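# Architecture and fold: a report
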Amino acid sequence: MSTVPSLAVRLGSLELPYPTLMGSGCYGTGEEFAPLADLTRIGAIVLKSVTRLPRLGNPMPRIVHTPAGMLNAIGLQNPGIDWYLERELHKYAERPCKLIGSVAGFSVDDYARVCERLAARAEIAAVELNVSCPNVASEGETFGCDPGLTAEVVRAARSTTDKTLIVKLSPNVTDIAAVARAAEAAGADALAVINTVRGMAIDVDAWRPRLGNVAGGLSGPAIRPIAVLAVYEAAQAVRIPIVGQGGIETLTDALEFFLAGASAISIGTANFTDPRVPGRIVTELQAYLARRGLADLGALVGKANQGFTTPHQYEGDEG
Ligand SMILES: Cc1cc2nc3c(=O)[nH]c(=O)nc-3n(C[C@H](O)[C@H](O)[C@H](O)COP(=O)(O)O)c2cc1C
């Protein structure tokens, strides 16, 4: 095929040149990565989640190395929405890629107020709702673990903006399809699947939890099969696009997510060890589509059960 396959993707009204988002909390504002990676070759940066009030975060240690991944319990450290909007956001506007704001909260009203103020800013192209937070009004139950609570948050945030609203689902649920459907019905334009998986590590010399917060979120390749299944199940439950994430490091990993039903992917933990991962995946993905004679990514999305049916055109992925 002579033309270069398109990697462009649309999430609601948000159009991105590449299907690669940088995961919230894993890419900062892009500043540290700019000397190491070509930010014109990424889809968007999802900024660190911001809350209504400033947060100091959890006690140290906040990060623990694990086999094939890491546990983190940062505790949503951030300066709060007032400081963030007045002193920080304008600095990020220089980035040569789209910025997606991320909202965290402890009440439905928190989400709505922070979403409204973030979305009102020109620097912010879309908003992601991090619903993996405890609801103080219901004994600390995580919003994203309950379809009804998820719907309340999404409805409230939806009423504040027309910009693309991405709802980031928690994997710590029994039935992710039910939460996905609730988010879609309440007005989400896209889903991000998945956030980190709850976990714990114990120091057997000190007889103490390794994380200051006791529990944390597991990320990296260790969670990839959990994430691929979650995307697969969510994709069958909804019609809105899905941003797949959880342990993506290579083209093969990314392809698993597209075939499971993701329209875009997000790269988080891999950036900590190799900031060239997103650029490499984009280059290799384009070559993969060209080799197989596919015009765009749509040809792959959700095709996990279909089988590749044109072997006469296809001479392997090695060359
Ligand atoms: C250190 C760290 C901080 C994170 N902070 C946030 C955050 O503030 N908001 C959020 O929605 N997700 C946050 N995440 C989750 C990631 O964005 C991502 O969804 C998750 O780690 C799975 O992808 P990965 O395996 O590629 O990292 C964080 C993850 C890590 C490792």
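## A word on helix α5 (residues 224-237)
- For α5, spanning 14 residues, the distance from its first C-alpha to its last is 20 Å, which sits close to the expected 20 Å at 1.5 Å a residue.
- Its buried side turned inward, α5 meets α4 (176-185), β12 (190-193), β17 (242-245) and α6 (251-260).

## A closer look at the site of the ligand
- Neighbouring residues of the ligand: 21 residues in total, closest Ser24, Ser49, Gly220, Gly247 and Thr269.
- A distance of 2.8 Å separates an oxygen atom of the ligand from a polar atom in the side chain of Lys168.
- In this structure, an oxygen atom belonging to the ligand sits 3.0 Å away from a main-chain N or O atom of Gly268.
- For the ligand, whose free accessible area comes to 610 Å², the fraction covered by protein is 96%.

## Notes on the packing of α5 against α6
- For the pair α5 and α6, the least separation of the axes is 8 Å and the interaxial angle reads 25°. With respect to each other, α5 and α6 are oriented roughly parallel. Both α5 and α6 take part in a crossing whose hand is right-handed. On α6, the residues touching Arg224, Ala227, Val228, Val231, Tyr232 and Ala235 of α5 are Asp253, Glu256, Phe257 and Ala260.

## A word on a nonpolar patch on the surface
- On the surface, a cluster of nonpolar side chains totalling about 380 Å² of accessible area is made up of Met200, Ile202, Val204 and Val214.
- With respect to the helices, strands and loops of the structure, Met200 is situated in the loop between β13 (197-199) and β14 (202-203).
- Overall, Met200 belongs to the partly exposed group, its relative accessible area being 49%.

## Here's the deal with the pairing of strand β7 (residues 98-103)
- Counting buried residues in β7 gives five out of six residues, a clear majority hidden from the surface.
- Handedness of the β-α-β unit built from β7, helix α2 (residues 108-119) and strand β8 (residues 126-130) comes out right-handed.

## Considerations on the pattern of salt bridges
- Evaluation of the coordinates by the stated rule reveals 11 salt bridges.
- For Glu15, the salt bridge is made with Arg10, and the minimal N-O distance between the two is 2.6 Å.
- Overall, Glu15 belongs to the partly exposed group, its relative accessible area being 48%.
- Of the charged contacts in the structure, one is a salt bridge between Asp189 and Arg158, with a shortest N-O distance of 2.8 Å. One end of the pair, Asp189, is in the loop between α4 and β12; the other, Arg158, is in helix α3 (residues 147-158), with 31 residues separating them in the sequence.
- Within this structure, Asp109, Arg113 and Glu116 form a network of salt bridges that share partners.

What counts and what doesn't
- For every chain, the first residue of the written sequence is number 1, and numbering continues from 1 along that sequence.
- Whole-chain, interface and lining totals are the exception, using all residues; otherwise, since this is a predicted model, local features are given only for residues with pLDDT of at least 70 and side-chain atom pairs are given and counted only at 80 or more.
- As a rule here, side-chain values cover all heavy atoms of the structure and leave hydrogens and water aside.
- Runs of E in the DSSP output that reach at least two residues are strands. Runs of H or I that reach at least four are helices, and both are numbered from the N terminus.
- A helix is expected to reach a length of 1.5 Å times the quantity of its residues less one.
- Note on contacts: a residue pair qualifies if any of its non-hydrogen atoms lie within 4.5 Å across the two residues.
- Definition of nearness: a residue and a molecule or strand are near each other if at least one heavy atom of the residue lies within 4 Å of the molecule or strand.
- Polar contact criterion, stated in full: a pair of N or O atoms within 3.5 Å, where within protein one must be able to donate a hydrogen and the other to accept it, and residues adjacent in sequence count only if both atoms are side-chain atoms.
- Calculation of accessible area relied on Shrake-Rupley with a 1.4 Å probe; when residues are assessed, cover is drawn exclusively from the protein chains displayed.
- To obtain each axis, a line is fitted to C-alpha atoms, and for helices this fit is confined to the stretch in contact; angles are then taken between N-to-C directions over 0 to 180 degrees.
- The cut-offs work like this: below 35 degrees is roughly parallel, past 145 is roughly antiparallel, 65 to 115 is roughly perpendicular, and the gaps in between are oblique.
- Helix crossings fall into two classes, left-handed where the near helix is turned counterclockwise from the far one by less than a right angle and right-handed where it is turned clockwise.
- Each patch groups residues whose relative accessible area exceeds 30% and which form no salt bridge, using 9 Å between like charges and 5 Å between nonpolar side chains of Val, Leu, Ile, Met, Phe, Trp and Tyr.
- By salt bridge we mean one thing: a side-chain nitrogen of Lys or Arg within 4 Å of a carboxyl oxygen of Asp or Glu.
- Partly exposed describes any residue whose relative accessible area lies between the buried limit of under 20% and the exposed limit of over 50%, with all areas from a 1.4 Å probe on protein chains only and scaled to the type maximum.
- With the strands pointing away from the viewer, any crossover whose connection runs clockwise from the first strand over the helix to the second is right-handed.

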